[in-house]
Amino acid sequence: MSRPASSFAALPIAYVVLRILIVVNWLMGAAILALLLVMPNQQWIMAAFKLSPSPDAERLITGLRAVAVLGLVGIPLHYAVLKRLLAIVLAVRAGEPFVAAHAYRLQAIAWALLGLQLLSLVIGAIAKAVSSPAHPVHLNAGFSISGWLAVILTFVLARVFAQGTLMREDLEGTV
């Protein structure tokens, strides 16, 4: 049975997109690090955010710096996901879609996704803690049902791949 034409294009496109995302991930890490290391003085930050000197402003700036540090923690987690996805794509392109290594890769991806979800909860909590009616902080962080479903789905897929690999090895052993 022939495969649809779209499946032929999917793997090369996925490969290119993953390579681009890996570079973008490291560039974002460099940008966050530069922002933290070359952080302008507090008066500049207060002027940029139109803050007046107050304890709320101090708390807001500290919170934003903490979020930036946690953003740095997310860079290697994203890298772990992207590199393992890239390895899966390369193996599938080479004609090896069901190998034991994919189960381990998917499990590592699931753990990294779990870490990213926990990180998002912490970032959301920081944003809520430093936000005030005068200076609201709106970040796309916190609880995400789709993120948690992705974690569960990836753990399940890792188990499915592990079982499928065992079944394939058993089948090959009987032939």
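Because the structure is a prediction, the values reported are computed rather than measured. (Residues numbered from 1 in each chain as written. Predicted model: local features only at pLDDT ≥ 70, side-chain atom pairs only at ≥ 80, totals over all residues. Heavy atoms only, no water.)

Asks: Help me out: how do you make sense of the overall build of the protein chain in this one?
Replies: Looking only at helices and strands, one finds five helices and zero strands in the protein chain. Listed by position from the N terminus, the elements making up the protein chain come as α-α-α-α-α. With the C-alpha coordinates of the protein chain rotated into their principal frame, the extents come out at 75 × 25 × 25 Å. Looking at the protein chain as a whole, 29% of its 175 residues are labelled buried. Look at the contacts in the protein chain between residues 6 or more apart in sequence, and 75% of them connect residues 24 or more apart. In the form shown here, the protein chain has an accessible surface area of approximately 11,200 Å², with 71% of it arising from carbon and sulfur atoms. Charged side chains in the protein chain number 12 positive and 6 negative. The centres of these two groups are separated by 9 Å. (Helix = DSSP H or I, 4+ residues; strand = E, 2+ residues; numbered from the N terminus. Buried < 20%, exposed > 50% of the residue type's maximum accessible area, 1.4 Å probe, protein only. Contact = heavy atoms within 4.5 Å. Areas by Shrake-Rupley, 256 points an atom, 1.4 Å probe, with all protein chains shown as cover. Lys, Arg positive; Asp, Glu negative; His and termini not counted. Charge placed at Lys NZ, Arg CZ, Asp CG, Glu CD.)

Asks: How should the nonpolar core be read in this particular structure?
Replies: What tends to happen in soluble globular proteins is that the nonpolar side chains get buried as a cluster. Among the nonpolar cores identified, the biggest contains nine residues, and these are I45, M46, L51, A57, L60, I61, A127, V130 and V137. Residue assignment for this core shows that the elements contributing at least two residues are α2 (42-48), α3 (55-93) and α4 (100-130). No other element matches the three residues that α3 contributes to this core. Beyond its immediate chain neighbours, meaning those up to four positions away, M46 contacts L51, S52, P53, A57 and I61. The next biggest cluster of nonpolar side chains, apart from the first, holds seven residues, and it includes A80, V81, I88 and L106. (Core = buried A, V, L, I, M, F, W, Y, C linked by side-chain atoms within 4.5 Å.)

Asks: What am I meant to see in the environment of A80 here?
Replies: Residue placement: A80 occurs in helix α3. A relative accessible area of 18% places A80 in the buried class.

Asks: Explain the packing of aromatic side chains here, please?
Replies: The geometry of an aromatic ring pair comes down to the distance between the two centres and the angle between the two planes. For the coordinates displayed, the defined rule picks out three aromatic pairs. Ring geometry for W26 against Y79: centres 5.0 Å apart, planes inclined by 55°, an arrangement best described as tilted. Taken together, the residues W26 in helix α1 (residues 5-37) and Y79 in helix α3 connect sequence positions 53 residues apart. Lying across the ring of Y15, R93 places its NZ or CZ 5.2 Å from the centre. (Phe/Tyr/Trp six-rings, centres within 6.5 Å; stacked < 30°, edge-to-face > 60°. Lys NZ or Arg CZ within 6 Å of the ring centre and 35° of its normal.)

Asks: I tried to follow the confidence of the model for the protein chain on my own but got confused; where do I start?
Replies: Caution applies to low-pLDDT regions: their predicted coordinates should not be interpreted in detail. When pLDDT is averaged across the protein chain, the result is 87; 90% of the residues are at 70 or more. When the elements of the protein chain are averaged for pLDDT, α2 gives the smallest value, 72, and α4 the largest, 95. (pLDDT = per-residue confidence, 0-100.)

Asks: Would you explain a nonpolar patch on the surface in this entry?
Replies: On the surface, L118, L121, F143, I145, L149, I152, L153, V156, L157 and V160 cluster together into a nonpolar patch covering about 950 Å² of accessible area. The greatest single-element share of the nonpolar patch, amounting to seven residues, is contributed by helix α5 (residues 145-174). Mapped onto the elements of the fold, V156 is located in helix α5. Classification of V156 by relative accessible area gives partly exposed; the value is 44%. (Patch = residues over 30% accessible without salt bridge, like charges linked within 9 Å, V, L, I, M, F, W, Y side chains within 5 Å. Salt bridge = Lys/Arg side-chain N within 4 Å of Asp/Glu carboxyl O.)

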